[in-house]
Amino acid sequence: KAGVTQTPRYLIKTRGQQVTLSCSPISGHRSVSWYQQTPGQGLQFLFEYFSETQRNKGNFPGRFSGRQFSNSRSEMNVSTLELGDSALYLCASSLGGTGPGSGANVLTFGAGSRLTVL
Amino acid sequence: AQSVTQPDIHITVSEGASLELRCNYSYGATPYLFWYVQSPGQGLQLLLKYFSGDTLVQGIKGFEAEFKRSQSSFNLRKPSVHWSDAAEYFCAVGAPSGNTPLVFGKGTRLSVIA
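The rules behind the values
- Residues numbered from 1 in each chain as written.
- Chains lettered and ligands numbered in written order.
- Predicted model: local features only at pLDDT ≥ 70, side-chain atom pairs only at ≥ 80, totals over all residues.
- Heavy atoms only, no water.
- Helix = DSSP H or I, 4+ residues; strand = E, 2+ residues; numbered from the N terminus.
- Rg over C-alpha atoms; globule rule 2.2 N^0.38 Å.
- Buried < 20%, exposed > 50% of the residue type's maximum accessible area, 1.4 Å probe, protein only.
- Contact = heavy atoms within 4.5 Å.
- Areas by Shrake-Rupley, 256 points an atom, 1.4 Å probe, with all protein chains shown as cover.
- Lys, Arg positive; Asp, Glu negative; His and termini not counted.
- Charge placed at Lys NZ, Arg CZ, Asp CG, Glu CD.
- Pairing = 2+ DSSP bridges.
- Axes fitted to C-alpha atoms, helices over the stretch in contact; angles between N-to-C directions.
- Phe/Tyr/Trp six-rings, centres within 6.5 Å; stacked < 30°, edge-to-face > 60°.
- Lys NZ or Arg CZ within 6 Å of the ring centre and 35° of its normal.
- Core = buried A, V, L, I, M, F, W, Y, C linked by side-chain atoms within 4.5 Å.
- Buried area = accessible area lost by both parts, 1.4 Å probe.
- Salt bridge = Lys/Arg side-chain N within 4 Å of Asp/Glu carboxyl O.
- Polar contact = N/O pair within 3.5 Å; in protein donor to acceptor, adjacent residues only side chain to side chain.

### Re the overall build of chain A
Reasoning step 1: Within chain A, the regular secondary structure consists of zero helices and eleven strands.
Reasoning step 2: Here the C-alpha radius of gyration of chain A, 14 Å, is about what a compact globule of 118 residues would show, namely 13 Å.
Reasoning step 3: Overall, the C-alpha framework of chain A stretches about 45 × 30 × 25 Å when taken along its three principal axes.
Reasoning step 4: A total of 118 residues make up chain A; the buried ones form 50% of that total.
Reasoning step 5: A separation threshold of at least 6 residues defines the contact pool for chain A, and within that pool the share at least 24 residues apart is 57%.
Reasoning step 6: Only carbon and sulfur atoms are counted for the fraction: they give 49% of the accessible area of chain A, which is about 5400 Å².
Reasoning step 7: For chain A, the distance from the average site of its 11 positive side-chain charges to the average site of its 5 negative ones is 5 Å.

### Some words on the sheet that holds strand 3 (residues 19-24) of chain A
Residue and element names in this part refer to chain A.
Reasoning step 1: Spatial strand order, 1-3-8-7: four strands in an open sheet with antiparallel pairing. Edge positions in the open sheet fall to strand 1 (5-7) and strand 7 (64-68), since each of these has one partner strand only. Each adjacent strand pair in this sheet contributes to an overall mean axis angle of 15°, direction not counted.

### Some points on the packing of aromatic side chains
Reasoning step 1: Enumeration according to the criterion identifies 15 aromatic pairs over all chains in this entry.
Reasoning step 2: Judged by centre distance (5.6 Å) and plane angle (45°), the rings of Phe63(B) and Tyr89(B) are tilted. Of the two residues, Phe63(B) is situated in the loop between strand 7 (56-58) and strand 8 (64-68) and Tyr89(B) in strand 10 (residues 87-94); the sequence distance between them amounts to 26 residues.
Reasoning step 3: Classification of Phe63(B) by relative accessible area gives buried; the value is 1%.
Reasoning step 4: The structure contains a cluster of three or more aromatic residues connected by ring pairs, namely Tyr35(A), Phe45(A), Phe109(A), Tyr32(B), Phe34(B), Tyr36(B), Phe51(B) and Phe104(B).
Reasoning step 5: For the cation-ring pair, Arg55(A) lies above Phe50(A), with the distance from its terminal atom to the ring centre recorded as 4.4 Å.

### Some remarks on the nonpolar core
Reasoning step 1: The biggest cluster of nonpolar side chains holds 26 residues, and the ones touching the most others in it are Leu19(B), Trp35(B), Leu47(B), Leu48(B), Phe74(B), Leu76(B) and Tyr89(B).
Reasoning step 2: Of all the secondary structure elements, the ones that give two or more residues to this core are strand 2 (10-14), strand 3 (19-21), strand 5 (32-38), strand 6 (44-50), strand 8, strand 9 (73-78), strand 10 and strand 12 (108-113) of chain B.
Reasoning step 3: Here this core gets four residues from one element, more than from any other, and that element is strand 10 of chain B.
Reasoning step 4: If sequence neighbours within four positions are ignored, Leu19(B) has contacts with Ile11(B), Val13(B), Phe63(B), Leu76(B), Arg77(B), Lys78(B), Val81(B) and Leu110(B).
Reasoning step 5: Within the second largest apolar cluster, 21 residues are counted, among which are Cys23(A), Tyr49(A), Leu81(A) and Val117(A).

### Comments concerning the interface of chain A and chain B
Reasoning step 1: Of the residues lining the interface, 24 residues belong to chain A; the matching set on chain B comes to 22 residues.
Reasoning step 2: Together, the buried faces of chain A and chain B total about 1600 Å²; carbon and sulfur atoms form 58% of this surface.
Reasoning step 3: Counting every contact that joins chain A to chain B gives zero salt bridges.
Reasoning step 4: Only strand 4 (31-38), strand 5 (42-50), strand 6 (53-57) and strand 9 (87-94) of chain A provide two or more residues apiece to the side of chain A that touches chain B.

### A word on the environment of Glu48(A)
All names here are of chain A.
Reasoning step 1: As for its position among the elements, Glu48 is in strand 5.
Reasoning step 2: Of the residues examined, Glu48 reaches a relative accessible area of 5% and is grouped as buried.
Reasoning step 3: Sequence-wise, Glu48 and Leu107 are 59 residues apart; in three dimensions their C-alpha atoms are separated by 11 Å.
Reasoning step 4: For Glu48, the residues in contact, after removing those within four places along its chain, are Ser31, Val32, Ser33, Thr53, Gln54, Arg55 and Asn56.
Reasoning step 5: Within the structure, Glu48 has its side chain in polar contact with the side chain of Ser31 (distance 2.7 Å).

Rendered as C-alpha cells:
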C-alpha cells in the first residue's frame, strides 16, 4: 500500500512569507502527527490530528497551525516565517485511537518537507 | 513528563564490528519503546518496538534491542554492522494509552568505516 506522502519535498521562502505543507496518510489511518526536525533540537512535536480534531499540541507559537480534512489528509501552515523555521517537517500517520494499548498504533513517517527560509 | 536521552551524538564503527547504541528514558510506568532509523534525506523508518513481554525484541535489518526496566534503558544492538547501516538512529518513548505524542531522543549518528 502507498506510504505517507508529503508535498512539496523542498521549498525556499523568505522571511515574513507563509507556507503550507501537505500530508497524505496511509489509507485507513485516521491520525496525523507533525514534527519539526532541526540539527540542534532534534524532533520536536508540533501537533496531532485525529478525525479532523486537534488532539495534542506541542510548544510552538501560534504562527504554526494545522488542520485535517475528512479524508484524513492534513496540512500545516506557518505564517510570518522566521529564519529559525528552517527545518525538515515530518508528517507521520497511524491508525490513531485512544485507550489501553492504543500506543501500539505505530507511527509511519513520510520523507518530509525541507523548508529553507532566507 | 516523559523524556529520552541518547548519550552518544556520533559513533564510528568498522564494517563487520558489533554495535550498541544507548537509550535511556524517563517515564512514570512501563512505556512503549521504539527505535527508528533515518537515512540522509529520508523520513524515519521503524526498526523495532517494545510493548510488553519478552524484553529482547528483534527488528528489521538484523537489529535487536533489550528493555531493562531497572536501568530505564532500551539499547539497540547489531552483531555485525554493514556499510549500509550508516544513518541516524532515534529512540522514542510513548504512552501505552496513545493519548500523548511520541517523544524522541536527539539521535545518534552512525558512521561505518571500511
